[in-house]
Amino acid sequence: MKIAISSKGNTLESATDPRFGRAQQFIIYDLDNGTHSTFNNTQNLTSSHGAGIQTAQNIINAGADLVITGNVGPNAFNVLNSAGVKIYLTSGLTVQEAIEKYKKGELENVSSNTVEGHWV
Amino acid sequence: MIKELVVISGKGGTGKTSIVAALANLVNDKVLADCDVDAADLHLVLNPTLTEQEEFWSGKSASINSDKCTRCGKCLELCRYGAISKDFVIDKVACEGCGVCYYFCPAEAIDFTENMCGHMYVSTTSQGPMVHARLGIAEENSGKLVTMVRNKAREIAEEKDLDTILIDGPPGIGCPVIASITGANFVIAVTEPTLSGIHDLERVAGLAKHFDIPLSVIINKADINKEMSQQIKDKCHKMGINVLGEIPYDEAITKAQIQGLDLIRYDSASPAAEVLKNIASDIKDLLPFSKE
Amino acid sequence: MRIAIASGKGGTGKTTVATNLAFYLKHFDNTDVTLIDCDVEEPNSHIFLRPDCQEPKVVTVPVPVVQEDLCTACGKCAEICQFNAIACVKEKVLIFPELCHGCGGCLLVCPTGAITEKQREIGVVENGKGKDIKLVYGRLHVGEAMSPPLIRAVKEFSPVTTDEIQLIDCPPGTSCPVITAVSGSDFVLLVTEPTPFGLNDLKLAVEMVRILDIPFAVGINRSTADNNMVQDYCRTEGIPVILNIPHDRRIAEAYSTGKLILESLPEYHEQFSQVLGYIKGVLS
């Protein structure tokens, strides 16, 4: 099973990024074997419209089964939800800490968008 | 926890920017953001020193390479924006950047390239850091530039440990306004006691409700028509909207602007300044300003 | 003939000038006139003309609909969409209508013909007659982001004819919606006020009309004798100033209650006669 974590850097020690659609990058962590890779999202930092939609689509294509991030808007939520990707929230942790918390079942699972869309 | 406070107006020319400039002097630990990217004015009274500049690229636009064009007319037939002339030149102003002509041109005669359509600036002012922008003339997508300004302001607030972002918003209720207020903590609408002011305030109130953001109102030039000011207050009361204050007509506001100053630095004892001081202290109570 | 009344900054008096010019044409110059209010986010002309409106006309934009039994989830529609209004995930296509610009690219690219269009309502066009002046205006639904399609519909409602003069009350600013409102006009009157904000935004508006290559002039609202910053700028740039409305408390009072200047202070008719004389001279 693969987790995508929105991140400000490209290591497990990097801080998690509270933004989803306009997060700088994602760390894709494989729970089965403990390996990880990074996924650059800067193309969506400059996307005209619907950064959340595009980011969600890219993460799904990268094979993620669940997402850990700070907030998720309505459009991104719809895309993730329709692909069966589960969403967990975190704030102020490193990527590694967020993964550990998830394993212990301490992260909050969300069943709807947590912020309104930024529209553009 | 960073709080975003957005000042908007529905109707233009109600004194929004002058009020933001005055509040900039009265609220501590903040980043200023001018989200009226279509007609930014805040910099005219806060004397910013530019420290950083970023290009704003957004969307694409098409152009026809006349050497390759066979004048088959496919693009003319498919373009829904009337952006292609009969002699196969694309009107940049009418082009929405959908790319349909580019994808379906059988002669591959159409280029589809990114547009540079404005700039974002970061400056220092005596009132703290400020993020502002200038959208190119006739460009679209000011909503995206607004989002870019807000994101930058948030980044600076995090970096410098400032807990408030004070935003000068655009007029109207369309794309740039929506981009300015979605996800904000608190919106102040500046209105004036005129029929147009009341009409536009109702539209703005509808917008704030639609996006579920708490709204307060400031009545500017309240004494030019006291009866109308009372009507606004009654209306706000009915809609459950808090009226933060009534600023009297005060020539000091225009005089300060002509001097290139905000009202508080120009004359902190003027009648309008006195009301603004009260408003600023009320805002502090309304917003959970303490750091979490 | 179409005359657009525009300004970089909001609240400078566009609507004041547009409504009074319309009133002047009809009641002082005996010319038929239609006022087209293109400030669809905050239309205000109707407050001053109080028209008896006909049934409003609903304005829609086309948005795609996917017929799932025909869709193979090939993803081509999501790929062509420049506005990220379509996502294709795990055998399913999702559409986000509020991001759609209605270009029709997805319909054209779909290999199985699984995409059709439906109409989505974004606002209404109102029309009627008030104070003997024909008025057409648009009202964008609250929460809608894109005004240009509605502005186009407002303008199309009243096609250009030779029998009348049309005045266009534009939205503020210099970006997309303003361009949509101004384009196709024969003349642009830029309204400003003599303040640093007014001047800064006037400069942007001048840049805009120069790009559009339409003849233009400036009108100054709330002008005072001791402040010439706008006149000085216009002189340097060679831009004619064809209207001066003085800073007069009686005008502000009339405005606040929804009255026209020419109704309560008819002595100002000279100002509007000059504007018209100038524009007719330029265009003849």
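**Considerations on the interface of chain B and chain C**
You'll often see interface size given as the accessible area lost when the parts meet.
Turning to step 1, where the next piece is worked out: Residue-level contacts link 60 residues of chain B with 56 residues of chain C.
Turning to step 2, where the next piece is worked out: Summed over both partners, the interface of chain B with chain C comes to about 4,700 Å²; 58% of that surface belongs to carbon and sulfur atoms.
Turning to step 3, where the next piece is worked out: Together, Arg80, Ile137 and Arg203 of chain B form the three largest contributors to the area buried by chain B at its contact with chain C, with a combined 14%.
Turning to step 4, where the next piece is worked out: Linking chain B with chain C are four salt bridges.
Turning to step 5, where the next piece is worked out: Here Arg80 of chain B ties to Glu117 of chain C by a salt bridge, and the two come within 2.8 Å at their closest N and O atoms.
Turning to step 6, where the next piece is worked out: Along the contact surface separating chain B from chain C lie 30 residue pairs in polar contact (both at pLDDT 80 or more).

**Here we look at the pairing of strand β4 (residues 110–125) of chain B**
Residues and elements named next belong to chain B.
Turning to step 1, where the next piece is worked out: Here strand β3 (residues 49–64) runs beside β4; their pairing, made up of 13 bridges, is antiparallel. Across the sheet, Gln53 pairs through a bridge with Tyr121, a residue of β4.
Turning to step 2, where the next piece is worked out: Here eight bridges tie β4 to strand β5 (residues 128–135), and the two strands are oriented antiparallel to one another. Considered in β5, the bridge of Thr125 is made with Gly128.

**Side note on the pattern of salt bridges**
Turning to step 1, where the next piece is worked out: All chains considered together, the criterion is met by 32 salt bridges over all chains.
Turning to step 2, where the next piece is worked out: Here Arg150 of chain B makes a salt bridge to Glu4 of chain B, at a shortest N to O gap of 2.9 Å. Taken together, the residues span a long stretch of sequence, with Arg150 of chain B in helix α5 (residues 142–160) and Glu4 of chain B in strand β1 (residues 3–8) at a distance of 146 residues.
Turning to step 3, where the next piece is worked out: Given a relative accessible area of 3%, Glu4 of chain B falls into the buried group.
Turning to step 4, where the next piece is worked out: Here Glu126 of chain C ties to Arg139 of chain C by a salt bridge, and the two come within 2.2 Å at their closest N and O atoms. In this pair, Glu126 of chain C sits in strand β7 (residues 115–130) while Arg139 of chain C sits in strand β8 (residues 133–140), placing the two residues 13 residues apart along the sequence.
Turning to step 5, where the next piece is worked out: On the basis of relative accessible area, Glu126 of chain C is assigned to the buried category, the value being 7%.

**Considerations on the side chain of Lys11 of chain B**
Turning to step 1, where the next piece is worked out: Mapped onto the elements of the fold, Lys11 of chain B is located in the loop between β1 and α1 (16–24).
Turning to step 2, where the next piece is worked out: Side-chain polar atoms of Lys11 of chain B contact the side chain of Tyr255 of chain C, separated by 3.3 Å.
Turning to step 3, where the next piece is worked out: Setting aside its immediate chain neighbours within four residues, Lys11 of chain B contacts Glu192, Ser196, Gly197 and Asp200 of chain B together with Gly11, Glu42, Asn44 and Tyr255 of chain C.

**Thoughts on the domain arrangement of chain B**
Turning to step 1, where the next piece is worked out: What the domain assignment lists for chain B is domain 1 (3–47 + 126–286) and domain 2 (59–116).
Turning to step 2, where the next piece is worked out: Using C-alpha coordinates to define each centre, domain 1 of chain B is positioned 41 Å away from domain 2 of chain B.

**Here's the deal with helix α8 (residues 229–237) of chain C**
All names here are of chain C.
Turning to step 1, where the next piece is worked out: Taken as a whole, α8 has its buried residues at Val230, Tyr233 and Cys234. All buried residues of α8 fall inside an arc of 95° around its axis, so they share one side. Seen from the open side of α8, the exposed residues pointing more than 90 degrees away from its buried face are Arg235 and Thr236.
Turning to step 2, where the next piece is worked out: Packing partners of the buried residues in α8 comprise β10 (187–192), α7 (196–212), β11 (216–223) and β12 (241–246).

**Brief notes about the packing of helix α7 (residues 195–210) of chain B against helix α8 (residues 226–239) of chain B**
Residues and elements named next belong to chain B.
Turning to step 1, where the next piece is worked out: Here α7 crosses α8 at 15°, and the two axes come no closer than 10 Å. Here α7 is positioned roughly parallel relative to α8, judged by the angle of their axes. Crossing angle aside, the handedness with which α7 passes α8 is right-handed. Together, Leu195, Ile198, Leu201, Glu202 and Ala205 of α7 and Met228, Gln231, Ile232, Lys235, Cys236 and Met239 of α8 make up the contact between the two elements.
Turning to step 2, where the next piece is worked out: Its residues placed into classes, the contact of α7 with α8 shows eight nonpolar, one polar and two charged.

What counts, and where the lines are drawn
Residues numbered from 1 in each chain as written. Chains lettered and ligands numbered in written order. Predicted model: local features only at pLDDT ≥ 70, side-chain atom pairs only at ≥ 80, totals over all residues. Heavy atoms only, no water. Contact = heavy atoms within 4.5 Å. Buried area = accessible area lost by both parts, 1.4 Å probe. Salt bridge = Lys/Arg side-chain N within 4 Å of Asp/Glu carboxyl O. Polar contact = N/O pair within 3.5 Å; in protein donor to acceptor, adjacent residues only side chain to side chain. Pairing = 2+ DSSP bridges. Helix = DSSP H or I, 4+ residues; strand = E, 2+ residues; numbered from the N terminus. Buried < 20%, exposed > 50% of the residue type's maximum accessible area, 1.4 Å probe, protein only. Domains from an automatic or database assignment. Arc of directions from axis to C-beta. Axes fitted to C-alpha atoms, helices over the stretch in contact; angles between N-to-C directions. Parallel < 35°, antiparallel > 145°, perpendicular 65-115°, else oblique. Left-handed = near helix turned anticlockwise from the far one by under 90°. Nonpolar A, V, L, I, M, F, W, Y, C, P; charged D, E, K, R; others polar.

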